[in-house]
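# An overview of the molecular structure
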Amino acid sequence: MSNFRRVLVLGTGPVSIQLAVTLKNRLNCCVGIAGRESVRSEPFFTALKQNNRFIRADIQNEKHRAMKGECIVDHVFRGYGTIAGEWDTAILSVTTDAYIEVLKQIDKQLLKQIKCIVLVSPTFGSNSLVSHYMNGLDSDAEIISFSTYLGDTRWMHDRPSNHVITTGVKKKVFIGSTRRPSLNVERLCGLYEQLGIAVEVMQTPIEAETRNISLYVHPPLFMNDFSLRVLFGEIETKKYVYKMYPEGPITQYLIRDMLAQWKEITHMIEKMNMKGVNLLKFMTDDNYPVSLESLSRHDIENFNDLETIHQEYLLYIRYTSLLIDPFSEPDQEGKYFDFSAVPIRPLFVNREGDWDIPRMPKEDYYRIKIIQGIARYVNSNCPTIDKFIRTYESKITHAAQARQGERLSDAFAVQSFKEDLKMICSEIEKVADSKR
């Protein structure tokens, strides 16, 4: 029997609303939503209370109609310490660096009864981290990792409420579990199939976690001097994440670093007896395609075997091909949709009144530090990753010094994440021992 009768969604972001609507309407679960009490979550909890726990998910594109729906949430918990009742499954819908912080706030006896934990948007090593924590509680819970969240969901009116809109849905995601075979994985695959999303089941959770495109593209796109100068307000002209220099950060040198980082991650993955990704194929087939006139099928399939300069050339073509959406309809002037016009967001004042760093690259800092730590643990060199981290940490250190006396979030602090790394590497060692 699968564990989707009583499901607890942990987190108060837009993704939690979309997941709750989907679970309630597609699997007919009893659904609870829990989150920490904060200035940021206050409007969310207030909206749920004012609307008698009614929530709604809309769509931008009619072809994603399976994501649309509304329902009444069965239980709402303000603060993780207030969670009560018995729950079969918990879905972690918070940032990856907060997984353990959230689990520690839940009553240990209640947590021990949970049979399945789903990581909806983990990073490399997240499953090992959560598994280690749950093992420490003598829990026998199955831990499932998706490669990434199923799409792009945001607040309907750009502020926390009971209403979200899903603007994009992925064609394919990957999934891995600490159990094989798994009825829970089968149930989730069936659910995603109803939503029109293909799911590939991997041998292990950490393999699913390697299939997240953010790991490979965010650090080079954000942890460079150009993007960071924009982010920290040193360049006032609007700049864009996916555009060529000078409108954006993409140069031949950035592409060189992107390729080098992919090779470093691949080498680390292979040292752990897993298969890496074909970066170009992953970008085009599992993320966003380009027309075959721009990139041939032969080059995509054989990318791993090509010389470095040829690989750099193909990656550069890929990004220039996506300056416009090649599958959009041109207007009367013959112009296509400006696909690459995603602005680099500058620093902002968060709801707590502190200066804060946008989610990209704040979340990517945690991701890349964890990858660096695992690479060190398995004796795999990662000079490009080291360079990204040095660049980023230097920038946040100087920014913190320049804003002394002002209210700053903890995103301005250089961090080691050593406790998380210790737990992750402990689980990696167990897996390695079992294979010897």
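Calculation criteria
- Residues numbered from 1 in each chain as written.
- Predicted model: local features only at pLDDT ≥ 70, side-chain atom pairs only at ≥ 80, totals over all residues.
- Heavy atoms only, no water.
- Core = buried A, V, L, I, M, F, W, Y, C linked by side-chain atoms within 4.5 Å.
- Buried < 20%, exposed > 50% of the residue type's maximum accessible area, 1.4 Å probe, protein only.
- Helix = DSSP H or I, 4+ residues; strand = E, 2+ residues; numbered from the N terminus.
- Contact = heavy atoms within 4.5 Å.
- Phe/Tyr/Trp six-rings, centres within 6.5 Å; stacked < 30°, edge-to-face > 60°.
- Pairing = 2+ DSSP bridges.
- Axes fitted to C-alpha atoms, helices over the stretch in contact; angles between N-to-C directions.
- Parallel < 35°, antiparallel > 145°, perpendicular 65-115°, else oblique.
- Disulfide = S-S within 2.5 Å.
- Salt bridge = Lys/Arg side-chain N within 4 Å of Asp/Glu carboxyl O.

Looking at an unreviewed UniProt entry, the chain carries the name Opine metallophore biosynthesis dehydrogenase, with the source organism given as Paenibacillus ehimensis.

### Observations concerning the nonpolar core
Of all hydrophobic cores here, the largest spans 100 residues; its most connected members are Leu 10, Ile 83, Leu 92, Phe 124 and Tyr 216. The leading source of residues in this core is helix H10 (residues 252-271), at eight residues. Leave out the neighbours within four places in its chain, and Leu 10 touches Ser 16, Ala 34, Tyr 80, Ile 83, Ala 90, Ile 91, Leu 92, Ser 93, Val 94, Val 102 and Ile 106. Among the nonpolar cores identified, the runner-up in size contains 42 residues, and Val 15, Leu 19, Cys 71 and Val 120 belong to it.

### Examining the packing of aromatic side chains
Both the distance between ring centres and the angle between the ring planes are used here to describe each pair of aromatic rings. Inspection of the entire model under this criterion finds 13 aromatic pairs. When the centroid spacing of 4.7 Å and the interplanar angle of 15 degrees are considered together, the rings of Phe 146 and Tyr 192 count as stacked. One end of the pair, Phe 146, is in strand S8 (residues 142-146); the other, Tyr 192, is in helix H6 (residues 183-194), with 46 residues separating them in the sequence. Summarising the burial analysis for this pair, Phe 146 and Tyr 192 share the class buried. When the ring of Tyr 216 is compared with that of Phe 282, the centres are 6.4 Å apart and the planes differ by 85 degrees; the resulting orientation is edge-to-face.

### Re the sheet that holds strand S2 (residues 30-35)
Here eight strands make up an open sheet; going across it, the order is S5-S2-S1-S6-S7-S8-S11-S12 and the pairing mixed. The sheet terminates laterally at strand S5 (75-78) and strand S12 (198-201), the two strands that pair on one side only. Averaged over all neighbouring strand pairs, the angle between strand axes comes to 20 degrees, with direction disregarded. Relative to S5, S2 is paired through four bridges, and the arrangement is parallel. When the bridges of S5 are listed, Ala 34 appears paired with Phe 77. The strands touched by helix H1 (residues 14-27) are strand S1 (6-10), S2 and strand S6 (89-92); relative to S2, the strand with the most contacts, the crossing angle is about 170 degrees. The strands that helix H2 (residues 42-50) touches are S2 and S5; relative to S5, the one it contacts most, it runs at about 145 degrees.

### As for unusual backbone geometry
At the junction of Arg 180 and Pro 181, the peptide bond is cis and its omega measures out at -5 degrees in the coordinates. Residue position: Pro 181 is located in the loop between strand S11 (172-177) and H6. For the peptide bond that leads from Met 360 to Pro 361, omega is 25 degrees, which places it in the cis range. Here Pro 361 is to be found in helix H14 (residues 359-377). Of note in the backbone geometry, Arg 53 takes a positive phi value of approximately 70 degrees without being a glycine. Looking at where Arg 53 falls in the secondary structure, it is placed in the loop between H2 and strand S3 (54-59). In this structure, Asp 138 takes a positive phi of about 60 degrees despite not being glycine.

### A short note on the packing of H1 against H6
For the pair H1 and H6, interaxial distance at closest approach is 11 Å and the crossing angle is 100 degrees. Regarding the angle of H1 to H6, the classification is roughly perpendicular. Taken together, the residues of H6 that come into contact with H1 (itself represented by Thr 22, Leu 23, Arg 26 and Leu 27) are Arg 187, Leu 191 and Gln 194.

### A closer look at the state of the cysteines
Two cysteines form a disulfide when their sulfur atoms are joined by a covalent bond. Applying the stated criterion to the full structure yields zero disulfides. Looking at Cys 71, it has no disulfide partner, and the nearest cysteine sulfur is the one in Cys 29, 10 Å off. On the basis of relative accessible area, Cys 71 is assigned to the buried category, the value being 8%. Its sulfur unpaired, Cys 425 is 12 Å from the next cysteine sulfur, which belongs to Cys 382.

### Focus: the sheet that holds strand S9 (residues 151-155)
With mixed pairing, the four strands of this open sheet are ordered in space as S4-S3-S10-S9. In the strand order of this sheet, the two ends are held by strand S4 (69-72) and S9, each with one partner. For this sheet, the mean inter-axis angle between neighbouring strands, taken without regard to orientation, is 20 degrees. Relative to strand S10 (residues 163-169), S9 is paired through five bridges, and the arrangement is antiparallel. Counted as the bridge partner of Asp 152 is Gly 168 from S10. Contacting S3, S4, S9 and S10, H1 runs over the sheet at an angle of about 85 degrees to S4.

### Regarding the pattern of salt bridges
Scanning the model with the defined rule gives 27 salt bridges in all. In this structure, Arg 229 engages Glu 234 in a salt bridge whose closest nitrogen and oxygen atoms are separated by 3.8 Å. A salt bridge links Lys 281 to Glu 301, with the shortest nitrogen-to-oxygen separation between them at 3.4 Å. Of this pair, Lys 281 sits in helix H11 (residues 279-285) while Glu 301 is found in helix H12 (residues 297-301), placing the two residues 20 residues apart along the sequence. A single salt-bridge network, built from bridges that share partners, covers Lys 281, Asp 285, Arg 297 and Glu 301.

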